[in-house]
Amino acid sequence: NISIMKIKVIGVGGCGCNALVDLNSNDISDISLVIVDNKKELLKIDENISELAIENNDLSLNDKLHELLLDTPNVLVVVGLGGVYGSEIAEALCRVHKSIHGAMGFVWIFAIMPFHFEGCVKRASYNFARIDQLATKMIVFDNNSLVEDGDRPLTSMVTCVGQKLREIIEEAQSLSIDPESHDVL
């Protein structure tokens, strides 16, 4: 008696939220989409996406993340590693998930590395090392690979990120779980 894996996809920070907003979730079943950011103007973007605003230095951060993760042992976090906010929330999501679910379920991180011209590659490498220790699986998308192909319009680059995200979701959904034990088979 095997069922398809249900997944919560969480976009964190500006980059992660944008990736989810650009993802058309209507034809992807068994996922729920959530964006987490500190900018209140991002709220109410899409009726298919739940939203959670967390201010910088929010003392109730762990409580809010606990509530977000409580019903979902299988999580895919989408985050750009060049900034501070998204990376810190992604790290906190991994820690809170482990405190709730232990080894049951998974946290996959879809990490989007910044363009070299953004000047935050060193910070992105530092953020990667911190989060990689906590995640079940880390999938890295290097934005620089998009500009190596020549002059691409920005909309084409966003489409590439969305296609990769869709592939990752499908890969995660292809895993099966035993509903009795919740073990990944």
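Structure: above.
Below is a summary of the structure that appears in this document. (Residues numbered from 1 in each chain as written. Predicted model: local features only at pLDDT ≥ 70, side-chain atom pairs only at ≥ 80, totals over all residues. Heavy atoms only, no water.)

1. Focus on the packing of helix H3 (residues 85-101) against helix H4 (residues 121-132)
Relative placement of two packed helices is described by the angle separating their axes and the distance separating the axes. Running from amino to carboxyl end, H3 crosses H4 at an angle of 10 degrees, the nearest separation of the two axes being 9 Å. Regarding the angle of H3 to H4, the classification is roughly parallel. Counted together, Ser87, Glu88, Ala90, Glu91 and Cys94 of H3 and Asn127, Arg130 and Ile131 of H4 form the full contact between these two elements. Residues of the contact of H3 with H4, tallied by class, amount to 3 nonpolar, 2 polar and 3 charged. (Axes fitted to C-alpha atoms, helices over the stretch in contact; angles between N-to-C directions. Helix = DSSP H or I, 4+ residues; strand = E, 2+ residues; numbered from the N terminus. Parallel < 35°, antiparallel > 145°, perpendicular 65-115°, else oblique. Contact = heavy atoms within 4.5 Å. Nonpolar A, V, L, I, M, F, W, Y, C, P; charged D, E, K, R; others polar.)

2. Observations regarding H4
Taking 1.5 Å of rise per residue, 12 residues should cover 16 Å, and H4 covers 16 Å from first to last C-alpha, within 8% of that figure. Turning to H4, its buried residues number three or more, namely Ala124, Asn127, Arg130 and Ile131. Taken down its axis, H4 places every buried residue within 125 degrees of arc, on the same side. Those residues of H4 that are exposed and angled more than 90 degrees off the buried face are Lys122 and Tyr126. (Expected span 1.5 Å × (residues − 1). Buried < 20%, exposed > 50% of the residue type's maximum accessible area, 1.4 Å probe, protein only. Arc of directions from axis to C-beta.)

3. Points about the nonpolar core
If you look at the biggest cluster of nonpolar residues, it comprises 29 residues, and the most contacted ones within it are Ile10, Val36, Leu93 and Ile109. Elements represented by at least two residues in this core include exactly strand E2 (7-12), strand E3 (31-37), helix H2 (61-69), strand E5 (74-80), H3, strand E6 (106-113) and H4. Apart from the residues lying within four places of it in its own chain, the contact partners of Ile10 are Leu20, Val34, Val36, Leu68, Leu69, Val75, Leu76, Val77, Val78 and Leu93. Within the second largest apolar cluster, 26 residues are counted, among which are Leu20, Phe110, Ile112 and Ile168. (Core = buried A, V, L, I, M, F, W, Y, C linked by side-chain atoms within 4.5 Å.)

4. Here's the deal with the packing of aromatic side chains
This model, assessed by the stated rule, comprises 3 aromatic pairs. Measuring from centroid to centroid gives 4.9 Å for Phe115 and Phe117, while their planes differ by 10 degrees, and the two rings are stacked. The class of Phe115 is buried, set by a relative accessible area of 12%. A residue is classified by how much of its surface remains accessible, and Phe117, at 67% relative accessible area, is exposed. Over the face of the ring belonging to Trp108 we find Lys137, whose NZ or CZ atom lies 4.4 Å from the ring centre. (Phe/Tyr/Trp six-rings, centres within 6.5 Å; stacked < 30°, edge-to-face > 60°. Lys NZ or Arg CZ within 6 Å of the ring centre and 35° of its normal.)

5. Let's talk about the side chain of Ser87
One can find Ser87 in helix H3. For Ser87, a relative accessible area of 1% puts it in the buried group. Here the side chain of Ser87 touches Gly83 through a polar contact of 3.2 Å, landing on its backbone oxygen. A distance of 3.0 Å separates a polar atom in the side chain of Ser87 from a polar atom in the side chain of Asn127. Not counting residues up to four positions away in its chain, the partners in contact with Ser87 are Val79, Gly80, Leu81, Asn127, Arg130 and Ile131. (Polar contact = N/O pair within 3.5 Å; in protein donor to acceptor, adjacent residues only side chain to side chain.)

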